Amino acid sequence: MRALATLRVERLIILLDLTVNVILVHAHGIPNFTMQWASIVLILYTLVTLGLACCTPDQWEGTQPEFAGYAGYIHHGLITEYNDVAYDFKGKRSAIFLRYVNGDIEAKIKIVVRYEDNEGGMLYVDNYAKGSCWKKRLEREFRKACIPKDAKSYGEYYLGIDGGYKVASYKIRGERMNSILTVQSVEDNVCAPIGEISMGRAGHYDILRNVGFVNITPGIKNETVFDVPKDCTEDWSDFDLPIEIDRQDYIFAV
Ligand SMILES: *[C@@H]1O[C@H](CO)[C@@H](O)[C@H](O)[C@H]1NC(C)=O
């Protein structure tokens, strides 16, 4: 039923789009007329994207392999990562264990985000080999991992064999990075991430990231993943993190 309704709306949109284009061509030079039609299209477009947006389940774990190419004035290279991710919207916390390789540099880093009542959020970054920790207070709310309402939908299609593995893709405009995110529908308005391509600037570097989401399981197996990392228990003050680590979009592009 829902698919049918979506199809109908899509057809309606295509029809309206065509009509509008025809009218726009004819109405060229009559700005008011054009403006009215443009706003109708905008409203309808918003309605359609509202209907299709989705969020991940409230709790899940999974693995994120990642390849990121970067280029600056002097340095350029490839970062590969193999990360274990845990996301808990109910408890307002997330954890990522990064295995990071950038040329000769290899690091194992644990990143934990926790929100305490009345205190707001904290970001902890523990570099295991160095035994060092960065801490940073987070001003923003804990984010629910969703396709934002203003994302542009590329529609649904099948990976590989037609009629087999159904996915949907969205184009998302972020603050630093723009992304194309591919998701698998789980149920109404709930989806699981499959892949993400992001491009943009991080510090002085242009960067292109390709992230996969694999072996996703619902729920949290062991809550100790969200514990404050061992090197972060002393009273560190806030200071700036390296831009590469200070990114808050590990879980979902948004
Ligand atoms: C959870 O993980 C911790 C740390 O790895 C371990 O000590 C503990 O036994 C685990 N608990 C359960 C219930 O598996």
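Residues numbered from 1 in each chain as written. Predicted model: local features only at pLDDT ≥ 70, side-chain atom pairs only at ≥ 80, totals over all residues.

Visitor: So, the overall build of the protein chain: which residues are in play, and what are the values?
Guide: Counting its regular elements, the protein chain contains 2 helices and 12 strands. The linear arrangement of helices and strands in the protein chain, starting from the amino end, is α-α-β-β-β-β-β-β-β-β-β-β-β-β. Counting contacts in the protein chain only where the partners sit at least 6 residues apart, residues at least 24 apart contribute 50% of the total. (Helix = DSSP H or I, 4+ residues; strand = E, 2+ residues; numbered from the N terminus. Contact = placed C-beta atoms within 7 Å.)

Visitor: If you had to explain the pairing of strand β12 (residues 214–218) to someone new, which residues and values would you point to?
Guide: Burial of β12 is sparse: only 0 of the 5 residues sit out of reach of the surface. By the bridge criterion, 3 bridges tie strand β1 (residues 59–71) to β12 in an arrangement that is antiparallel. Counterpart to Glu 61 in the pairing with β12 is Thr 217. (Buried ≥ 20, exposed ≤ 12 C-beta atoms within 10 Å, placed from the backbone. Pairing = 2+ DSSP bridges.)

Visitor: Summarise the nonpolar core; cite the residues concerned and give the values.
Guide: One finds Ala 86, Tyr 87, Ile 96, Ile 111, Val 112, Tyr 124 and Val 125 to be the most contacted residues of the largest nonpolar core, which totals 18 residues. Of the residues forming this core, the biggest block, 4 residues, is contributed by strand β4 (residues 105–116). Listed in part, the 8 residues of the second largest apolar core include Cys 54, Ala 151, Val 183 and Cys 191. (Core = buried A, V, L, I, M, F, W, Y, C linked by C-beta atoms within 7 Å.)

Visitor: Requested: an account of the confidence of the model for the protein chain, with residues and values cited.
Guide: Per-residue pLDDT for the protein chain averages 78, and the proportion of residues at 70 or more is 72%. The least confident element of the protein chain, judged by mean pLDDT, is helix α1 (residues 2–26) at 41; the most confident is β12 at 95. Low pLDDT, under 50, characterises residues 1–31; the predicted model gives this stretch 16 contacts beyond four residues in sequence or across chains. Throughout residues 41–52 the model reports pLDDT below 50, and contacts reaching past four residues in sequence, or to other chains, amount to 16 contacts. (pLDDT = per-residue confidence, 0-100.)

Visitor: Tell me about unusual backbone geometry, residues and numbers included.
Guide: Unusually for a residue other than glycine, Asn 189 sits at a positive phi of about 65°. By secondary structure assignment, the location of Asn 189 is in the loop between β9 (177–187) and β10 (190–202).

Visitor: So, the environment of Asn 178: which residues are in play, and what are the values?
Guide: Within the secondary structure, Asn 178 is located in strand β9. Sequence separation between Asn 178 and Arg 201 is 23 residues; the distance between their C-alpha atoms is 9.6 Å. For Asn 178, the residues in contact, after removing those within four places along its chain, are Ile 172, Arg 173, Ser 198, Met 199 and Gly 200.

Visitor: How would you summarise the environment of Thr 56 if you had to cite specific residues and measurements?
Guide: Its place among the elements puts Thr 56 in the loop between α2 (31–52) and β1. On a C-alpha basis, the gap between Thr 56 and Pro 193 in space is 7.4 Å, while along the polypeptide they are 137 residues apart.

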